[in-house]
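Listed below are the residues making up each chain.
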Amino acid sequence: MRLKLATWNVNSVRLRLKGLARLAAEASPDVICLQETKVTDEAFPLHACRELGYPHILIRGQKSYNGVAILSRLALEEGEARRWCGRADSRHLIARLDPGIELHNFYVPSGGDVPDPKLNEKFAHKLDFLAEMTACFEKRPAKRLILVGDLNVAPLETDVWSHKQLLKVVSHTPVEVEALARLARSQGWIDVVRRFIPPEEKLFSWWSYRARNWETSDRGRRLDHIWVTPALEDALSGACVLKPARGWDTPSDHVPVIATLEV
């Protein structure tokens, strides 16, 4: 079975419905994982998403903040709920798909502006969140797992527009990169996009709204990821970052990342 999976931080699902429709029409993913939906479960646009061809929908949201969702053409079974760092802040969903795949959709805290956990509670929360994820997956049995989402860390030098200038900027600091590396080691996770796009190549999935012309300046970061465990390595058949989506009408500051597996 072919499984095409997209992950996208939509920065408000209700503002991005036209973009969702375009993603569904042009890329035709079987499963779309969303982050930063910014809407309560009661107000989530279920009908609009189902009309796009995604009858199976899992949501965990809150008003104007955070929120994750999984839209699927395939039957889904929701996994257990979890409170990360003791907070009910709607940053994680688990879904189970046939044949025996467990899908994790994460929205990792951004971490604020000051990369010092003693001075910045948001940065401390981000590091604690990544550490808790690592501890959780270290204890989880090795099997067919997929982890996607806005992990809010650009790990490689080529995942940012300037490694030197961003070393002290939240999302690319050495402490965050190492925290993400520990998470990657927890299951021997495979960075799917970098399996198909060489690590030497500059690659971004986020461009700030502050840029006067995001495409000309191209000061991006690769914050959005798709990982699989080694049990799914042989199933990988392709991956891409949908950069043109940053230029769509009313765009998110993130673009979809897509992977294809033959499962």
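Residues numbered from 1 in each chain as written. Predicted model: local features only at pLDDT ≥ 70, side-chain atom pairs only at ≥ 80, totals over all residues. Heavy atoms only, no water.

(A) Spatial organisation of the sheet that holds strand β1 (residues 2-9). Read across the sheet, six strands follow the order β3-β4-β2-β1-β14-β13 without closing on themselves; strand pairing throughout is mixed. On the outer flanks of this sheet lie β3 (56-60) and β13 (236-241), each paired with one strand and no other. Between one strand and the next, the sheet's axes are offset by a mean angle of 10 degrees, whatever the strand orientation. Pairing between β1 and strand β14 (residues 257-262): six bridges, direction antiparallel. The partner of leucine 3 across the bridge, within β14, is leucine 261. (Pairing = 2+ DSSP bridges. Helix = DSSP H or I, 4+ residues; strand = E, 2+ residues; numbered from the N terminus. Axes fitted to C-alpha atoms, helices over the stretch in contact; angles between N-to-C directions.)

(B) How the structure looks around unusual backbone geometry. Cis geometry is adopted by the peptide bond preceding proline 99, which originates at aspartate 98 and carries an omega value of 5 degrees. Locating proline 99 in the fold gives a position in the loop between β6 (92-97) and β7 (101-107). Of note, asparagine 66 is a non-glycine position whose phi angle comes to about 55 degrees, a positive value. For asparagine 66, the location among the structural elements is in the loop between β3 and β4 (68-72).

(C) Representation of empty space enclosed by the protein within the structure. By the definition in use, this model includes one cavity of 30 Å³ or more. Looking at the largest cavity, the residues that line it are Thr37, Val39, Thr40, Asp41, Phe44, Ile59, Arg60, Gly61 and Val68. Residue composition of the lining of the largest cavity, grouped by class: four nonpolar, three polar and two charged. (1 Å grid on protein atoms, 1.4 Å probe; cavity = no way out; pocket = protein on both sides within 12 Å on 5 of 7 lines; lining within 4 Å. Points joined across faces, edges and corners; volume = space filled by probe spheres on them. Nonpolar A, V, L, I, M, F, W, Y, C, P; charged D, E, K, R; others polar.)

(D) Molecular detail of the side chain of histidine 172. Inspection of the secondary structure assignment puts histidine 172 in the loop between α4 (163-166) and α5 (174-185). A distance of 2.7 Å separates the side chain of histidine 172 from the backbone oxygen of alanine 154, its partner in a polar contact. Of note is the side chain of histidine 172, whose polar atom sits 2.9 Å from the side chain of histidine 163. Ignoring any residue separated from it by four or fewer positions in sequence, one finds histidine 172 in contact with Ala154, Pro155, Leu156, Glu157, Val160, His163, Leu166, Leu167 and Val177. (Polar contact = N/O pair within 3.5 Å; in protein donor to acceptor, adjacent residues only side chain to side chain. Contact = heavy atoms within 4.5 Å.)

(E) Region of interest: the environment of lysine 4. Its location among the elements puts lysine 4 in strand β1. Take lysine 4: its relative accessible area is 15%, and that puts it in the buried class. Discounting residues that sit within four places of it in the chain, lysine 4 has contacts with Ala27, Ser28, Pro29, Asp30, Val31, Ile258, Ala259 and Thr260. For lysine 4, the side chain forms a polar contact with the main-chain oxygen of alanine 27, separated by 2.6 Å. (Buried < 20%, exposed > 50% of the residue type's maximum accessible area, 1.4 Å probe, protein only.)

(F) Structural detail: the pattern of salt bridges. Within the structure shown, the criterion is met by 19 salt bridges. With its nearest N and O atoms 2.7 Å apart, the salt bridge here joins glutamate 102 to arginine 140. Highlighted residues: glutamate 102 in strand β7 and arginine 140 in the loop between α3 (121-139) and β8 (145-150), separated in sequence by 38 residues. No difference in accessibility class separates glutamate 102 from arginine 140, as the two residues are buried. Look at the salt bridges and you will find they share partners, linking Glu80, Arg96, Glu102, Arg140 and Lys143 into a network. (Salt bridge = Lys/Arg side-chain N within 4 Å of Asp/Glu carboxyl O.)

(G) Quick look at the nonpolar core. Of all hydrophobic cores here, the largest spans 56 residues; its most connected members are Leu23, Leu34, Phe44, Ile70, Leu71, Leu103 and Ile146. The contact partners of leucine 71, leaving out residues within four places of it in the chain, are Leu20, Asp30, Val31, Ile32, Leu34, Phe44, Cys49, Tyr54, His56 and Ile57. By size, the runner-up hydrophobic cluster in this structure holds 17 residues, among which are Trp84, Cys136, Ala179 and Leu180. (Core = buried A, V, L, I, M, F, W, Y, C linked by side-chain atoms within 4.5 Å.)

By themselves, these figures tell us nothing about what the structure is for.
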